[in-house]
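What follows is each chain in one-letter form.
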Amino acid sequence: MKTLGIAGWSNSGKTTLISNLVPLLVRQGISVSTIKHAHHHFDIDQPGKDSYEHRRAGAQEVLVSSRNRWALVHENITTKELSLSGLLKKLAPVDLVFIEGFKFGRHSKIEVFREKINKPLLTKDDPMICAVVSDVPLKDILIPVFDINDYKEISSFIINECELLVASRNGSAE
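This section reports on the structure supplied with the text. Everything quoted here is computed from the prediction, not taken from an experiment. (Residues numbered from 1 in each chain as written. Predicted model: local features only at pLDDT ≥ 70, side-chain atom pairs only at ≥ 80, totals over all residues. Heavy atoms only, no water.)

Quick notes on the overall build of the chain
Stated formally: Helix and strand assignments follow DSSP, with helices taken as H or I runs no shorter than four residues and strands as E runs no shorter than two, numbered in order from the N terminus. The rule is simple: take the accessible area with a 1.4 Å probe, protein chains only, and divide by the maximum for that residue type; under 20% is buried, over 50% is exposed, in between is partly exposed. Residue contacts follow a heavy-atom distance rule, with two residues in contact if any of their heavy atoms lie within 4.5 Å. Using the Shrake-Rupley algorithm and a 1.4 Å probe, accessible areas are obtained, with residue cover drawn only from the displayed protein chains. When charges are counted, Lys and Arg contribute as positive and Asp and Glu as negative, whereas His and the chain ends are disregarded. Here the site of a charge means NZ on Lys, CZ on Arg, CG on Asp, or CD on Glu.
Helices and strands together make up the secondary structure of the chain, namely four helices and eight strands. When the helices and strands of the chain are listed from N to C terminus, the series reads β-α-β-α-β-β-α-β-β-β-β-α. Along the first, second and third principal axes, the C-alpha atoms of the chain reach 55 × 45 × 25 Å. For the chain, buried positions account for 37% of its 174 residues. Within the chain, counting contacts between residues at least 6 apart in sequence, those at least 24 apart form 52% of the total. Total accessible area on the chain is roughly 11,400 Å²; 50% of this is exposed by carbon and sulfur atoms. In the chain, the 22 positive side-chain charges and the 21 negative ones have mean positions that sit 2 Å from each other.

Rendered as structure tokens:
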């Protein structure tokens, strides 16, 4: 599987970027999954739901399944947080995995930069950043810079950068 990080400071637009790129890539026949790193405690189910109550009661894993989807919740009771490589092993094979968060990881990344956040560019100190998407023109950047809303151009860059095969209309790879 190819991986590509989407990195940036909080509220820079990482989720918005991924949410707009995924449909463009999927329409071109590229299978995509995502990993989202959270720096805080989170719950994917709600109090009062059976799965929540099972987990709260002490179950280490709770798998919820329906006709449309399934989700596995694993409690890190006696283990530490999984590494990015450990998380990737949990995913079914796809063409591309977007990694949101892990901004200081040692994987290839696109930086999302917004001037209003008033934080420095990560690319100046991170050689793993291969492009920047920005809401303002940037000077003295030696890697590709894209307008933050130019999803078509960004998706083309990702296809080329990750060497992804695009499925043609008749089902064969281009």
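On we go.
What about the side chain of Asp126?
Threshold: Polar contacts, as used here, are pairs of N or O atoms within 3.5 Å; protein pairs need one atom able to donate a hydrogen and one able to accept it. Residues neighboring in sequence count only if both atoms are side-chain atoms.
Note on placement: Asp126 falls in the loop between strand E6 (109-113) and strand E7 (129-134). At 2.8 Å, the side chain of Asp126 and the backbone nitrogen of Met128 are in polar contact. For Asp126, the residues in contact, after removing those within four places along its chain, are Lys103, Arg106 and Lys109.

Re the packing of helix H1 (residues 14-27) against helix H4 (residues 151-161)
Two quantities define a packed helix pair, namely the angle between the axes and the distance from one axis to the other. Applied cut-off: Lines fitted to C-alpha atoms define the axes here, with helix axes fitted over just the stretch in contact, and angles between the N-to-C directions of these axes take values from 0 to 180 degrees. Roughly parallel refers to an angle under 35 degrees, roughly antiparallel to one over 145, roughly perpendicular to one between 65 and 115, and oblique to any angle outside these ranges. Crossings are classed by handedness, with left-handed meaning an anticlockwise turn of the near helix from the far one by less than a right angle and right-handed meaning a clockwise turn. Nonpolar residues are Ala, Val, Leu, Ile, Met, Phe, Trp, Tyr, Cys and Pro. Charged residues are Asp, Glu, Lys and Arg, and all others, Gly as well, are polar.
H4 packs onto H1 with a crossing angle of 70 degrees between their chain directions and a minimal axis gap of 10 Å. With respect to each other, H1 and H4 are oriented roughly perpendicular. At the point where H1 passes H4, the crossing takes the right-handed sense. For the pair formed by H1 and H4, the contact residues are Thr16, Leu17, Asn20, Leu21, Leu24 and Leu25 on the first element and Tyr151, Lys152, Ile154, Ser155, Ile158 and Ile159 on the second. Grouping the amino acids of the contact of H1 with H4 by side-chain chemistry returns eight nonpolar, three polar and one charged.

Thoughts on the packing of aromatic side chains
As a reminder of what qualifies: Any pair of Phe, Tyr and Trp rings, taking the six-membered ring for Trp, is counted once the centres come within 6.5 Å. Such a pair is stacked with planes under 30 degrees apart, edge-to-face with planes over 60 apart, and tilted for the rest. A ring is scored as having a charge over it whenever the NZ atom of a lysine or the CZ atom of an arginine sits within 6 Å of its centre and within 35 degrees of its normal.
Overall, the coordinates contain one aromatic pair when judged by the stated rule. Summarising the aromatic geometry, the rings of Phe146 and Phe157 are spaced 5.2 Å apart at their centres and angled 55 degrees between planes, so their arrangement reads as tilted. Here Phe146 is found in strand E8 (residues 145-147), whereas its partner Phe157 is found in helix H4, with eleven residues between them in sequence. Residue Phe146 is classed as buried on the basis of its relative accessible area of 12%. Positioned over the ring face of Trp9 is Lys119, at 5.0 Å from the centre of the ring.

What to know about the sheet that holds E6
What counts, and what does not: Note on pairing: DSSP must find at least two bridges between two strands before they are called paired.
An order of E2-E5-E1-E6-E7-E8 is seen for the six strands of this open sheet, with the pairing classed as parallel. Each of the sheet's edge strands pairs with one partner strand only, and the pair in question is strand E2 (32-36) and E8. When strand polarity is set aside, the average angle formed by the axes of neighbouring strands in this sheet is 25 degrees. Strand direction decides the pairing type here: strand E1 (residues 2-7) and E6, joined by three bridges, are parallel. Bridge pairing links Ala7 to Glu111 in E6. Seen against the sheet, H1 touches E1, E2, strand E5 (96-100), E6 and E7 and runs at an angle of roughly 170 degrees to E5.

A closer look at the nonpolar core
Across soluble globular proteins, nonpolar side chains have a tendency to be buried as a group. Quick reminder of the rule: By nonpolar core is meant a set of buried Ala, Val, Leu, Ile, Met, Phe, Trp, Tyr and Cys residues that side-chain atoms within 4.5 Å join together.
Leu96, Phe98, Ile110 and Ile158 are the most contacted members of the largest nonpolar core, which has 25 residues in total. Looking at this core, the elements with two or more residues in it are E1, H1, E5, E6, E7 and H4. Apart from residues lying up to four places away in sequence, Leu96 is in contact with Lys2, Thr3, Leu4, Leu25, Ile30, Ser31, Val32, Ser33, Ile158, Cys162 and Leu164. Formed by eight residues, the second largest nonpolar core is a distinct cluster that contains Phe113, Leu121, Leu122 and Val136.

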